[in-house]
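# Structural overview for review
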Amino acid sequence: MSLLSASLGLTRYRIIEEVPTELLQQVPEKLKQFCMVDIDGTADERSFGWTNIDDMLDMNWVVSPPEKADYFAFSLRLDTRRIPPSVLKKHNTIATNKELEHNKEQGKNFVSRDRKREIKEQVTLRLRARTLPIPAVFDIIWNASANRIYLDTTNAKVRALFEDHFTLTFDLHLEPLTPFFMAMDILGEDAAPRLENLDPTIFV
């Protein structure tokens, strides 16, 4: 679990809506419904979804349930295939040269632009099928009683992916708990004009 690392970056959220009790009871089933789909046997470029925080290979929560006392704990797993640009360029050149040799036998001394695009797509798919996806796992803690979510990354792309997938899964919307919104949460919305006019403190 990366949450048990010596150091980590956290993004904190609050759930905007009131969460119905019946929805909380459905969390385990909804996690399974929108779980990670393995792409090892495909040529897909990317796949993502929920998985067990205790075992990233457990998409059915056989090893342990997502309920941890008053919390839900699960992970967002993202598998991505990356073909190094130099490898793609090499195999694309080989395939294009073969096509040119074939065309020369037919009396043509060039490969059309559309055919070059088609060759590149075919080469990319072939290389993807031979490339193992690289997994990345991001842990999530959901404090249901406090309506708070903790995601163990500050990466903007992963945060956006998490926010969208969370909304798709639970039909709930998240608001990042930046210092401004945390102050609003404590002081109330009436404090917004005062907070907006604050200048940052510069430490030297």
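Quick summary incoming for the structure in this document. (Residues numbered from 1 in each chain as written. Predicted model: local features only at pLDDT ≥ 70, side-chain atom pairs only at ≥ 80, totals over all residues. Heavy atoms only, no water.)

### Regarding the overall build of the chain
- Per the secondary structure count, the chain includes six helices and seven strands.
- Listed N to C, the secondary structure of the chain is β-α-β-β-β-α-α-β-β-α-β-α-α in terms of helices and strands.
- In terms of C-alpha radius of gyration, the chain reaches 24 Å, well past the compact-globule figure of 17 Å for 204 residues.
- Counting only C-alpha atoms, the chain reaches 80 × 50 × 35 Å along its principal axes.
- The burial tally for the chain puts 37% of its 204 residues in the buried class.
- Long-range contacts, defined as pairs at least 24 residues apart, comprise 69% of the intrachain contacts of the chain with a sequence gap of at least 6.
- Total accessible area computed for the chain in this model is approximately 13100 Å², and 53% of it derives from carbon and sulfur atoms. (Helix = DSSP H or I, 4+ residues; strand = E, 2+ residues; numbered from the N terminus. Rg over C-alpha atoms; globule rule 2.2 N^0.38 Å. Buried < 20%, exposed > 50% of the residue type's maximum accessible area, 1.4 Å probe, protein only. Contact = heavy atoms within 4.5 Å. Areas by Shrake-Rupley, 256 points an atom, 1.4 Å probe, with all protein chains shown as cover.)

### Section: the packing of aromatic side chains
- Taken as a whole, this structure holds eight aromatic pairs when the rule is applied.
- For the ring pair Y13 and F162, a centre distance of 5.6 Å and an interplane angle of 50 degrees mean the geometry is tilted. Pair noted here: Y13 is in strand β1 (residues 11-15) and F162 is in helix α4 (residues 156-170), with a separation of 149 residues, a long-range link. With respect to burial, Y13 and F162 carry one shared label: buried. (Phe/Tyr/Trp six-rings, centres within 6.5 Å; stacked < 30°, edge-to-face > 60°.)

### Quick notes on the nonpolar core
- Among the nonpolar cores identified, the biggest contains 28 residues, and W50, W142, I149, F162 and F166 are the most heavily contacted of them.
- When contributions to this core are tallied by element, the ones reaching two or more residues are β1, α1 (21-33), β4 (71-80), β5 (134-143), β6 (148-151) and α4.
- The dominant element in this core, judged by the number of residues it contributes, is α4, at five residues.
- Filtering out sequence-adjacent residues up to four positions away, F162 remains in contact with Y13, W50, L76, I140, I149, L151 and L174.
- Counting residues in each nonpolar core, the second largest holds seven residues, with L88, A95, V111 and I119 among its members. (Core = buried A, V, L, I, M, F, W, Y, C linked by side-chain atoms within 4.5 Å.)

### As for the pairing of β1
- Here β1 shows a clear split, with T11, Y13 and I15 buried on one side and none of R12 and R14 buried on the other.
- Two elements, β1 and β6, share four bridges in a ladder whose sense is antiparallel. Residue R12 lies in a different strand from β6, and its bridge partner there is Y150.
- Pairing analysis gives three bridges linking β1 to strand β7 (residues 174-176), with the strands arranged antiparallel. Bridge pairing in β7 places I15 opposite L174. (Pairing = 2+ DSSP bridges.)

### As for the packing of helix α2 (residues 85-105) against helix α3 (residues 113-130)
- Running from amino to carboxyl end, α2 crosses α3 at an angle of 130 degrees, the nearest separation of the two axes being 9 Å. When the axes of α2 and α3 are compared, the pair comes out oblique. Crossing of α2 against α3: the hand is right-handed. Together, V87, L88, H91, N92, A95, T96 and E99 of α2 and R115, I119, K120, V123, T124 and L127 of α3 make up the contact between the two elements.
- Of the residues belonging to the contact of α2 with α3, the class tally is six nonpolar, four polar and three charged. (Axes fitted to C-alpha atoms, helices over the stretch in contact; angles between N-to-C directions. Parallel < 35°, antiparallel > 145°, perpendicular 65-115°, else oblique. Left-handed = near helix turned anticlockwise from the far one by under 90°. Nonpolar A, V, L, I, M, F, W, Y, C, P; charged D, E, K, R; others polar.)

### Some words on the environment of M182
- Looking at the secondary structure, you find M182 in helix α5 (residues 179-187).
- For the pair M182 and R12, spaced 170 residues apart in sequence, the C-alpha separation works out to 9.9 Å.
- Among all residues touching M182, those that are not within four sequence positions of it are R12 and L177.

### Comments concerning the pattern of salt bridges
- Enumeration over the complete set of coordinates arrives at nine salt bridges.
- As a salt-bridge pair, R14 and E175 come within 2.6 Å of each other at their nearest N and O atoms. Of this pair, R14 sits in strand β1 while E175 sits in strand β7, and the two are 161 residues apart along the sequence.
- Looking at R14, the relative accessible area reads 24%, which means it is partly exposed. (Salt bridge = Lys/Arg side-chain N within 4 Å of Asp/Glu carboxyl O.)

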